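Here's the letter readout for the chains.
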Amino acid sequence: MLSTTDVLDRHIKCFGEGDLDGILSDYAPGAVLFTPNGPLRGIAEIRPFFQEMLAEFGKPGTTFSMKLRSVVSEFSYVIWTAETADNVYEMGTDTQVVRDGRIVAQSFAAKITPRR
């Protein structure tokens, strides 16, 4: 069974490669992703969130920097910054809860400044 570190590593790798199916395979079927726009429940609701993120982060000139990465037991926490063609992410943060090798809960928040 994958550890929390293994899941986090794979999740970050798949995001960087634009691998939507790989990202979604990290989630348990009933996972919840908490976002500033409300919770997304299950893979069907989580999919469009990552489709949009991958479309934005896949544009030329995107930069990403991991500022902090912590794993304790079944919990992971990351802080990051990024710049895309559309937005400046002054700070992004994700917290994940991993059980039985899958993400069962995640929160996402970011301070985003549009470039336009």
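Residues numbered from 1 in each chain as written. Predicted model: local features only at pLDDT ≥ 70, side-chain atom pairs only at ≥ 80, totals over all residues. Heavy atoms only, no water.

A. Main features of the nonpolar core. Counting residues in each nonpolar core, the largest one holds 23 residues, and the members touching the most others are Y27, L33, I46, F49, F50 and W80. At the level of secondary structure, the elements contributing two or more residues to this core comprise α1 (4-17), α2 (20-24), β1 (27-35), α3 (42-57), β4 (75-83), β5 (87-99) and β6 (102-114). At six residues, α3 tops the list of elements feeding residues into this core. Setting aside its immediate chain neighbours within four residues, W80 contacts F57, F64, S65, M66, K67, Y89, M91, G92, T93, D94 and F108. (Core = buried A, V, L, I, M, F, W, Y, C linked by side-chain atoms within 4.5 Å. Buried < 20%, exposed > 50% of the residue type's maximum accessible area, 1.4 Å probe, protein only. Helix = DSSP H or I, 4+ residues; strand = E, 2+ residues; numbered from the N terminus. Contact = heavy atoms within 4.5 Å.)

B. Examining unusual backbone geometry more closely. The backbone of S73 sits at a positive phi, close to 60 degrees, despite the residue not being glycine. Among the secondary structure elements, S73 is positioned in the loop between β3 (63-72) and β4. Here S73 falls in the exposed class, since its relative accessible area comes to 62%. Positive phi, close to 55 degrees, is recorded for D100, a residue that is not glycine. For D100, the position within the fold is in the loop between β5 and β6.

C. Representation of the pairing of β4 in the model. The pairing of β3 with β4 spans nine bridges and is antiparallel. Note that in β4 the partner of L68 across the bridge is I79. As consecutive antiparallel partners, β3 and β4 are separated by two residues, and within that stretch S73 has a phi angle of approximately 60 degrees, a positive value. (Pairing = 2+ DSSP bridges.)

D. Fine view of the pairing of strand β2 (residues 38-41). Pairing of β1 with β2 involves four bridges; the strand directions are antiparallel. Paired with L33 across the two strands is L40, which belongs to β2. Taken together, β1 and the strand that follows it, β2, pair antiparallel across an intervening segment of two residues.

E. Here's a closer look at the packing of aromatic side chains. If you walk through the whole model with that rule in mind, you get ten aromatic pairs. Relative to F50, the ring of F49 lies with its centre 5.1 Å away and its plane at 90 degrees, an arrangement referred to as edge-to-face. Through pairs of rings, three or more aromatic residues link up here, namely F15, Y27, F49, F50, F57, F64, W80, Y89 and F108. (Phe/Tyr/Trp six-rings, centres within 6.5 Å; stacked < 30°, edge-to-face > 60°.)

F. Inspection of α1 at higher detail. With 14 residues, α1 ought to run about 20 Å at 1.5 Å a step, and its terminal C-alpha atoms sit 20 Å apart, in line with that. The set of residues buried in α1 consists of T4, V7, L8, H11 and C14. Down the axis of α1, the buried set is contained in an arc of 135 degrees. They therefore lie on one face. Turned more than 90 degrees away from the buried face of α1 sit K13, G16 and E17, all of them exposed. (Expected span 1.5 Å × (residues − 1). Arc of directions from axis to C-beta.)

G. Seen up close, the environment of I103. Within the secondary structure layout, I103 lies in strand β6. Separated by 73 residues in sequence, I103 and G30 place their C-alpha atoms 9.4 Å apart. Apart from residues lying up to four places away in sequence, I103 is in contact with V7, H11, D26, Y27, A28, A31, Q96, V97 and V98.

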